[in-house]
Amino acid sequence: MSVKYGILTLLYQKKHHGYELKLELDSLFGIKGKINPGQIYTTLDRLIRDQLVSSAGMDDQERKLYELTPKGKDELEKWLLEPVPYTTTKEDFFFKWSCARKINFAQEKKMLEQQKAVVIKEVMELTKLKTELLLQGDESKYLLITGILLHLEADLNWINQVENRIH
Amino acid sequence: MIKVSNLTKEFLQGQERTRVLKGVDLNIKKGEFVAIMGPSGSGKSTLLQLMGGLDVPTAGDIQIDGKYLNKMSEKERTIFRRQKLGFVFQNYQLLPTLTVEENIAFPLHADGKLTKEKNRVIQELIQAVGLEGLHRKRANLLSGGQQQRVAIARALVNSPTVLLADEPTGNLDRANAEEILRLLTVFHRENRQTIVMVTHDIFAAGFADRIILFRDGGIDQVVSREEGDYAKYLANFMA
Ligand SMILES: Nc1ncnc2c1ncn2[C@@H]1O[C@H](COP(=O)(O)OP(=O)(O)O)[C@@H](O)[C@H]1O
Ligand SMILES: [Mg+2]
């Protein structure tokens, strides 16, 4: 899960100061990720350097505010629409989807469809491999792949369920 | 070789006209194994029925091997079906009091007597689907998995160019389902039969070359196997 895209998501909604970002990020990442404030400020510096975020003056309590630049907005939307390869972890997609929900992303359906295609492709390749392993009599690898397939099936069911609620 | 264009199907339910297929366009190549997935009620079975000439469309065309199914008379369609198409259903649809070999032979009777050659084909099919020794057993005494194997042999006895399967593993547990799919894959590889299979099971659909995702009477998305991906997997898993 990425602090960078978490910050971009939060700033997509409105200007925030640093401490607010910390609280909101903790809630976006859920119980798993308590982020240390240092990490937030170094990420903010980097985002400002790359012109994805800019400073937006002070709030009434003299705290520094940050806002998203148009470039930052493009960067976030591009990231949301990039399907997550399954060789990495699917948590990455759940995080991405949570970010999309947070900003009421208009293209959520497209995100889900693209991710579904990635999962299905994965299933097709693994099924082919599984058949071959069975022919070769490699029982352990065959069972391993069956296990991965069961996870993929669950992910697909989840995507379908979300889609059915959008439709 | 299967060309479906602007296929539309409406059913009259009471006074109400419901459009179940909303202008479907789909091309399936010769020898391709295609799976159709989608929520129940989205029109998958209706599409398969129309592709198999078991029902007629409200509008649109279905071409198989260059022949328009929707322009045939009912009699022409029946003959075409018998010669070119094989069907497998979720509930097997065997004749319960007939034996394994009688069920498999059933589609042949329409063309007259069983020749020696045809009998040989039947015995080979019984072997191929792994039912050797059971050829005289009555269908209603077989397990679900065995019945579906008989149904597959029956569907293949005429060497159809297209095999249409509607939830062929829907009533089976995973082990039996895998066995049925393995059989379909083997036949598909050996005879280059075109297979169109409706399924809600991603494990089953995974065997196909292309998966059509159906929703609400139309095609939502198509996912194809890509050559490069497989190589990547082999590398990962065989390392
Ligand atoms: N013969 C029929 N008469 C009236 N309605 C039908 C008939 N066959 C199917 N339907 C309706 O068409 C819709 C699609 O059915 P079907 O093709 O069986 O869906 P699926 O196979 O995807 O579950 C359903 O709403 C079903 O009730
Ligand atoms: Mg159906």
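To keep things clear, this report deals only with the structure shown in the data block. Each chain carries its own residue numbering, running from 1 in the written order of its sequence. Each chain takes a letter, starting from A, and each ligand takes a number, starting from 1, following the order in which they are written. This being a predicted model, a pLDDT of at least 70 is required before a residue's local features are given, and a value of 80 or more before pairs of side-chain atoms are given or counted; all residues contribute to the totals for chains, interfaces and linings. The side-chain figures draw on all heavy atoms in the structure; neither hydrogens nor water molecules are used.

### Some words on the sheet that holds strand β9 (residues 210–215) of chain B
Phase 1: Whether two strands pair comes down to DSSP finding at least two bridges between them. To qualify as a helix, a DSSP run of H or I must reach at least 4 residues; to qualify as a strand, a run of E must reach at least 2; elements of each kind are numbered from the N terminus. Strand order in the open sheet formed by six strands is β6-β7-β8-β3-β9-β10 (chain B), with mixed pairing between adjacent strands. A single partner strand is all that each edge strand has here, and the edge strands are β6 (85–89) and β10 (218–224) of chain B. Ignoring strand direction, the axes of neighbouring strands in this sheet form an average angle of 15°.
Phase 2: By the bridge criterion, five bridges tie β6(B) to strand β7 (residues 162–166) of chain B in an arrangement that is parallel. Counted as the bridge partner of Phe87(B) is Leu164(B) from β7(B).
Phase 3: Relative to β10(B), helix α6 (residues 108–136) of chain A is tilted by about 45°, and along the sheet it contacts β9 and β10 of chain B. The axes are straight lines fitted to the C-alpha atoms, using for helices just the contacting stretch, and the angles between their N-to-C directions are given from 0 to 180°. When checking whether two residues touch, look at their non-hydrogen atoms; a contact exists if any pair is within 4.5 Å.

### Quick look at the site of ligand 1
Residue and element names in this part refer to chain B.
Phase 1: For each residue, the test is whether any non-hydrogen atom lies within 4 Å of the molecule or strand; if one does, the residue is near. By nearness alone, every residue bordering ligand 1 is listed as Phe11, Gln13, Val20, Pro39, Ser40, Gly41, Ser42, Gly43, Lys44, Ser45 and Thr46.
Phase 2: Gly41 is positioned such that a nitrogen or oxygen atom in its backbone is 2.7 Å from an oxygen atom of ligand 1.
Phase 3: We call two N or O atoms a polar contact when they sit within 3.5 Å, provided that within protein one can donate a hydrogen and the other can accept it, with sequence-adjacent residues counted only if both atoms are side-chain atoms. Here Ser42 contributes a backbone N or O atom positioned 3.2 Å from an oxygen atom of ligand 1.
Phase 4: Accessible surface is estimated by sampling points in the Shrake-Rupley manner with a 1.4 Å probe; for residues, cover comes only from the protein chains shown. When ligand 1 is considered free in solution it has 560 Å² of accessible area, and contact with the protein chains removes 59% of it.
Phase 5: The leading source of residues in the shell around ligand 1 is helix α1 (residues 44–51), at three residues.
Phase 6: All amino acids are sorted into three groups, where Ala, Val, Leu, Ile, Met, Phe, Trp, Tyr, Cys and Pro are nonpolar, Asp, Glu, Lys and Arg are charged, and the leftover types, Gly among them, are polar. Residues that form the shell around ligand 1 fall into these classes: three nonpolar, seven polar and one charged.

### Quick look at the pattern of salt bridges
Phase 1: Each reported salt bridge corresponds to a side-chain nitrogen of Lys or Arg within 4 Å of a carboxyl oxygen of Asp or Glu. One pass over the full model with this rule turns up 25 salt bridges over all chains.
Phase 2: Across the pair Glu10(B) and Arg17(B) runs a salt bridge whose closest N-O atoms are separated by 3.0 Å.
Phase 3: Burial classification: accessible surface area is computed with a 1.4 Å probe over protein chains only, and a residue below 20% of its type maximum counts as buried, one above 50% as exposed, and the rest as partly exposed. In this structure Glu10(B) comes out as buried when scored by relative accessible area, which is 16%.
Phase 4: Residue class for Arg17(B) comes out exposed when judged on its relative accessible area of 56%.
Phase 5: The structure contains a network of salt bridges with shared partners spanning Lys116(A), Glu163(A), Arg215(B) and Asp220(B).

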